[in-house]
There are 2 protein chains.
Amino acid sequence: MPVDIAADIDVCQYGRMSKISPCCPPVLHAALSKSDAEDLASLFKALGDPARLRLLSFIAAQPDGEACVCFLTEPVGLSQPTVSHHLKVLHDAGLLEREKRGAWVYYRVVPQRLEAIRGVLATRGPRPRAKKGA
Amino acid sequence: MPVDIAADIDVCQYGRMSKISPCCPPVLHAALSKSDAEDLASLFKALGDPARLRLLSFIAAQPDGEACVCFLTEPVGLSQPTVSHHLKVLHDAGLLEREKRGAWVYYRVVPQRLEAIRGVLATRGPRPRAKKGA
């Protein structure tokens, strides 16, 4: 199985996901286009699974911030094919990078990607509540 | 239909969603429990739909940060029942508050909820890459 190694992570390089990068407008600052909304929804769908969140969290919590795929089935209590599927979804969404070393593949969270999502969800600060007749 | 008015928004008051509030550990700082992961995945699922993202975005982009339900079907090009379903999902996830004024219901984004999600996704800063044999 070929393995892509993302040595220089650029959140603008993820193909159709590029529009959620920090270079693009956040959700709450102006009305999203249909295309931007579809791209962003794909990313939230990737995060909308408990097993995938636990995998992300487990990998990020490791002492050196990465984990071998061989150690990822036990923490989430799922089969190897299921874990591999979830890792692929996270990798395709740009949330994990992977690197082959010898016989094993290591996964690492892409912090720039998480920061991009945080930027997309940034609010504009408090606004006065409208005073309209009840 | 009864309408709940959340006058004082507290992200810790959203029942089973309470664990993703700012008072709880973020995804990337320690391994998530199964229960926390399920709660958080529910929230990302609510965001994982283009129509819901466009509704959130459209409401937030209004001059006073709120929109009457009667004006929300046209911007997303969906039927009233479909829009109502999406608004209910967003409201149930704590992302929208609603208020009845006369004959109409007005929706407003809950910025504290978005900030809570941003907090959950906060990273721990850059780490040195592991130097292991290739």
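Residues numbered from 1 in each chain as written. Chains lettered and ligands numbered in written order. Predicted model: local features only at pLDDT ≥ 70, side-chain atom pairs only at ≥ 80, totals over all residues. Heavy atoms only, no water.

Asker: Got a minute to help me understand the state of the cysteines in this structure?
Answerer: Should the sulfur atoms of two cysteines be covalently bonded, the bond is a disulfide. All names here are of chain A. Under the counting rule described, the total for this entry stands at two disulfides over all chains. The residue that forms a disulfide with Cys68 is Cys70, at a sulfur-sulfur distance of 2.3 Å. Looking down the S-S bond of the Cys68 and Cys70 bridge, the torsion is 125°, so its handedness is right-handed. (Disulfide = S-S within 2.5 Å.)

Asker: Which parts of the structure should I look at to understand helix H4 (residues 80-92) of chain B?
Answerer: At 3.6 residues per turn, the α-helix brings residues three or four places apart onto the same side. Residue and element names in this part refer to chain B. Its 13 residues place the ends of H4 18 Å apart at the C-alpha level, agreeing with the 18 Å of an ideal helix rising 1.5 Å per residue. Within H4, burial applies to Val83, His86, Leu87, Leu90 and His91. Viewed end-on, H4 has its buried residues packed into an arc of 140°, placing them on one side of the element. Against helix H1 (34-47), helix H2 (50-61), helix H3 (73-76), strand S2 (96-101) and strand S3 (104-109) lie the buried residues of H4. Taken from the residues just after H4, Gly94 is the one with a positive phi, measuring 80°. (Helix = DSSP H or I, 4+ residues; strand = E, 2+ residues; numbered from the N terminus. Expected span 1.5 Å × (residues − 1). Buried < 20%, exposed > 50% of the residue type's maximum accessible area, 1.4 Å probe, protein only. Arc of directions from axis to C-beta. Contact = heavy atoms within 4.5 Å.)

Asker: Would you take a moment to explain the packing of aromatic side chains for this structure?
Answerer: Geometrically, a pair of aromatic rings is defined through the distance of the ring centres and the angle of the planes. Inspection of the entire model under this criterion finds one aromatic pair over all chains. Ring geometry for Phe44(A) and Phe44(B): centres 6.1 Å apart, planes at 15°, overall stacked. Residue Phe44(A) is located in helix H1 (residues 34-47), and its partner Phe44(B) is located in helix H1; the two belong to separate chains. Its relative accessible area of 0% is what places Phe44(A) among the buried residues. Its end group placed over the ring of Tyr106(A), Arg101(A) keeps NZ or CZ at 4.5 Å from the ring centre. (Phe/Tyr/Trp six-rings, centres within 6.5 Å; stacked < 30°, edge-to-face > 60°. Lys NZ or Arg CZ within 6 Å of the ring centre and 35° of its normal.)

Asker: Sorry, what's going on with the relation of the copies chain A and chain B here?
Answerer: A rotation about an axis combined with a shift along that same axis relates the two copies of the chain. If you rotate chain A by 180° and push it 0.0 Å along the axis, it lands on chain B with an RMSD of 0.0 Å. Here the two chains are linked by the operation of a two-fold rotation axis. Most of the interface of chain A is mirrored in chain B, where 100% of its interface residues again form contacts. (Least-squares fit on C-alpha atoms with pLDDT ≥ 70 in both.)

Asker: Sorry if this is basic, but what is going on with the pairing of S2(B) here?
Answerer: Side-chain positions along a regular strand alternate between the two faces of the sheet. Residue and element names in this part refer to chain B. Looking at chain direction, S2 and S3 are connected through six bridges and run antiparallel. For Glu99, the partnering residue across the bridge sits in S3 and is Tyr106. Hairpin connection of S2 to S3: two residues between the antiparallel strands, including Gly102 at a positive phi of 60°. (Pairing = 2+ DSSP bridges.)

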